[in-house]
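Fold and geometry: a report
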Amino acid sequence: MYPPPSRLHATHDDPDAPVRATDNDAALARLSAVSKRYLNDPYIAALVPRAHLQEPRPPLINIGTYLRGQGIDELVDGFLRSAGDATQVQIVSLGAGSDTRFWRLAAGPHKDRIAKYVELDFPDNTTRKAMAIRKSRVLSPALGSPDVVSVAAGGTALRSPVYNLLPVDLRHSPESSLRPLLASPENPLLSPSLPTLLLFECVLVYMTPAASDALIQWFVDYLSAPLGSIVYEMFGLGDSFGRVMLNNLRSRNVELPGAAPYPDLASLSQRFLRLNFTDANALTLYSIRRSHIDPTELDRITKLEMLDEIEELDLVLGHYAISWGIKAPEAADWRNWRIHPKARAVVDEDEYD
Ligand SMILES: C[S@@+](CC[C@H](N)C(=O)[O-])C[C@H]1O[C@@H](n2cnc3c(N)ncnc32)[C@H](O)[C@@H]1O
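All values reported here derive from a predicted model rather than from experimental measurement. (Residues numbered from 1 in each chain as written. Predicted model: local features only at pLDDT ≥ 70, side-chain atom pairs only at ≥ 80, totals over all residues. Heavy atoms only, no water.)

**Considerations on the packing of aromatic side chains**
- Scanning the entire structure with this criterion turns up twelve aromatic pairs.
- Pairing Trp218 with Tyr222 gives two aromatic rings, centres 5.2 Å apart and planes at 15°, and the pair type is stacked. In this pair, Trp218 and Tyr222 both sit in helix α6 (residues 209-222), four residues apart, roughly one turn of the helix. As far as the burial class goes, Trp218 and Tyr222 line up, both buried.
- Grouping aromatic residues by their ring pairs yields a cluster made of Phe102, Trp103, Tyr117 and Tyr163.
- Seen from the ring of Tyr262, Arg271 lies directly overhead, with NZ or CZ sitting 4.2 Å from the centre. (Phe/Tyr/Trp six-rings, centres within 6.5 Å; stacked < 30°, edge-to-face > 60°. Helix = DSSP H or I, 4+ residues; strand = E, 2+ residues; numbered from the N terminus. Buried < 20%, exposed > 50% of the residue type's maximum accessible area, 1.4 Å probe, protein only. Lys NZ or Arg CZ within 6 Å of the ring centre and 35° of its normal.)

**As for the environment of Leu227**
- Along the chain, Leu227 turns up in strand β7 (residues 227-234).
- Separated by 34 residues in sequence, Leu227 and Ser193 have C-alpha atoms that sit 10.0 Å apart.

**Comments concerning the nonpolar core**
- Among the nonpolar cores identified, the biggest contains 70 residues, and Val76, Ile91, Tyr163, Ile230, Leu256, Ile322 and Trp337 are the most heavily contacted of them.
- No other element matches helix α2 (residues 59-82), which puts nine residues into this core.
- Once residues within four sequence positions are removed from consideration, Val76 is found in contact with Ile91, Arg101, Leu105, Leu197, Leu199 and Ile230.
- Ranked by size, the runner-up nonpolar core spans 33 residues in total, among them Leu120, Ile216, Leu223 and Val231. (Core = buried A, V, L, I, M, F, W, Y, C linked by side-chain atoms within 4.5 Å. Contact = heavy atoms within 4.5 Å.)

**What about a negative patch on the surface?**
- Judged by side-chain charge, Asp308, Glu309, Glu311 and Glu312 come together as a negatively charged surface patch.
- Tracing the chain through its elements places Glu312 in helix α11 (residues 310-317). (Patch = residues over 30% accessible without salt bridge, like charges linked within 9 Å, V, L, I, M, F, W, Y side chains within 5 Å. Areas by Shrake-Rupley, 256 points an atom, 1.4 Å probe, with all protein chains shown as cover. Salt bridge = Lys/Arg side-chain N within 4 Å of Asp/Glu carboxyl O. Lys, Arg positive; Asp, Glu negative; His and termini not counted. Charge placed at Lys NZ, Arg CZ, Asp CG, Glu CD.)

**Focus on helix α8 (residues 265-274)**
- Within the sequence span of α8, burial applies to Leu265, Ser267, Leu268, Ser269, Arg271 and Phe272.
- The inward-facing, buried residues of α8 abut α6, β7, β8 (279-284) and β9 (320-327).

**Looking at the site of the ligand**
- Looking at the ligand, there are 20 residues lining it, with Arg68, Gly95, Asp121, Leu170 and Glu201 nearest.
- In the model, a nitrogen atom of the ligand is placed 2.8 Å from a nitrogen or oxygen of the Gly95 main chain.
- At a separation of 3.1 Å, an oxygen atom of the ligand approaches a polar side-chain atom of Asn125.
- Protein contact buries 95% of the 590 Å² of open area that the ligand shows by itself.
- The leading source of residues in the shell around the ligand is helix α1 (residues 17-35), at five residues.
- A class-by-class count of the residues in the shell around the ligand yields nine nonpolar, four polar and seven charged. (Near = heavy atom within 4 Å. Polar contact = N/O pair within 3.5 Å; in protein donor to acceptor, adjacent residues only side chain to side chain. Nonpolar A, V, L, I, M, F, W, Y, C, P; charged D, E, K, R; others polar.)

**Topic: the pairing of β9**
- Taken across its eight residues, β9 has seven buried, putting it largely inside the fold.
- As paired strands, β7 and β9 are joined by eight bridges and run antiparallel to one another. Counterpart to Glu233 in the pairing with β9 is Ala321.
- As paired strands, β8 and β9 are joined by six bridges and run antiparallel to one another. Across the sheet, residue Thr284 finds its bridge partner in β9, namely Ala321. (Pairing = 2+ DSSP bridges.)

**What about the sheet that holds strand β5 (residues 163-167)?**
- Spatially, β3-β4-β5-β2-β1-β6-β7-β9-β8 is the arrangement adopted by the nine strands of the open sheet, whose pairing is mixed. Every other strand in the sheet has two partners, leaving β3 (150-152) and β8 as the edge strands with one partner each. Each strand axis lies, on average, 15° off the axis of its neighbour in the sheet, ignoring direction.
- In terms of strand pairing, β3 meets strand β4 (residues 157-159) through three bridges, oriented antiparallel. Of the residues in β4, the one forming a bridge with Val151 is Leu158. (Axes fitted to C-alpha atoms, helices over the stretch in contact; angles between N-to-C directions.)

**Some details on the environment of Thr100**
- Tracing the backbone shows Thr100 in the loop between β1 (89-94) and α3 (101-106).
- Taking relative accessible area as the criterion, Thr100 reaches 0% and is therefore assigned buried.
- Residues Thr100 and Ala46, spaced 54 residues apart in sequence, show a C-alpha to C-alpha distance of 9.7 Å.
- Leaving out residues up to four positions away in the same chain, Thr100 has contacts with Arg30, Asp41, Tyr43, Ile44 and Leu47.

Honestly, it's all geometry; don't read function into it.
Set out below in structure tokens:
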């Protein structure tokens, strides 16, 4: 589930190029899972250059992409439900890359519940995405009529009444980088009093623990309404599997400074509790596959492709996790915000409350 070597080049002038390029890999993985019918996503092809010429990824990657997608979809849906049907919410996707969630939500039943949907990434990636959106007849209608959509900040930003794509380096001090974008005193993009969900899909791991803590802490301090946060990333990299992964990535000029403080699943939940969230959970993809996917669905995806190495699949899935935390005054309203066990109702030993 990590990037192939060919596209990753760091230079002295541009040391972040390999990290930015991890988005190509994430987008290709999603495109592949769609083309192999694991997932349904009519939007991803518009964000991948020459999508029809891309080779599918191996089954293991497709399964991982599917499990991650199902788990996070359920949590996003559950956040919207737990916030209350009459309440509008804000969603901020940090290191959004080529993610298509905004368009999937805009075509679904919660469309009118989204007050703001903000995507943040490095300027190179937001510029590319802004151009792709403007060019695409599949993506641009969801933003509204052309007179309410504007390209800003020299082509690096795209603004519309709900969807906003903004350039930022998330490692910088949030006070100087995020506040002007999201919380300017004259015209704040995010309201402090609306329930807000933060999405960190494979991004915090590329940052130092101090920088990612400061980032989450900034939202904790700014928002007075319930704050949810979902993190998907690799963890437990101190074993031989993790060492091989780290070495492979290093040879491609990608470092994972954010993985070190997270040796096990419990430490992923702990991150949120340490930052004053009221409740937190974490599940490995291994555990999601075993007991949190509807059995009919699991049967369907199992038949899509031949998979010889089930031990390898389990090993890889055991090193990726979705963790989530909620900070809310009324903890009871959020007790049900989780990825629910399906049918067999197995509670895994590696599920943490
Ligand atoms: C592996 S991709 C994931 C993309 C998307 N979240 C997904 O899961 O499909 C990581 C993304 O995080 C972005 N990213 C990493 N570090 C960042 C930083 N310091 N500031 C802004 N974006 C960053 C990268 O540019 C890239 O688009």
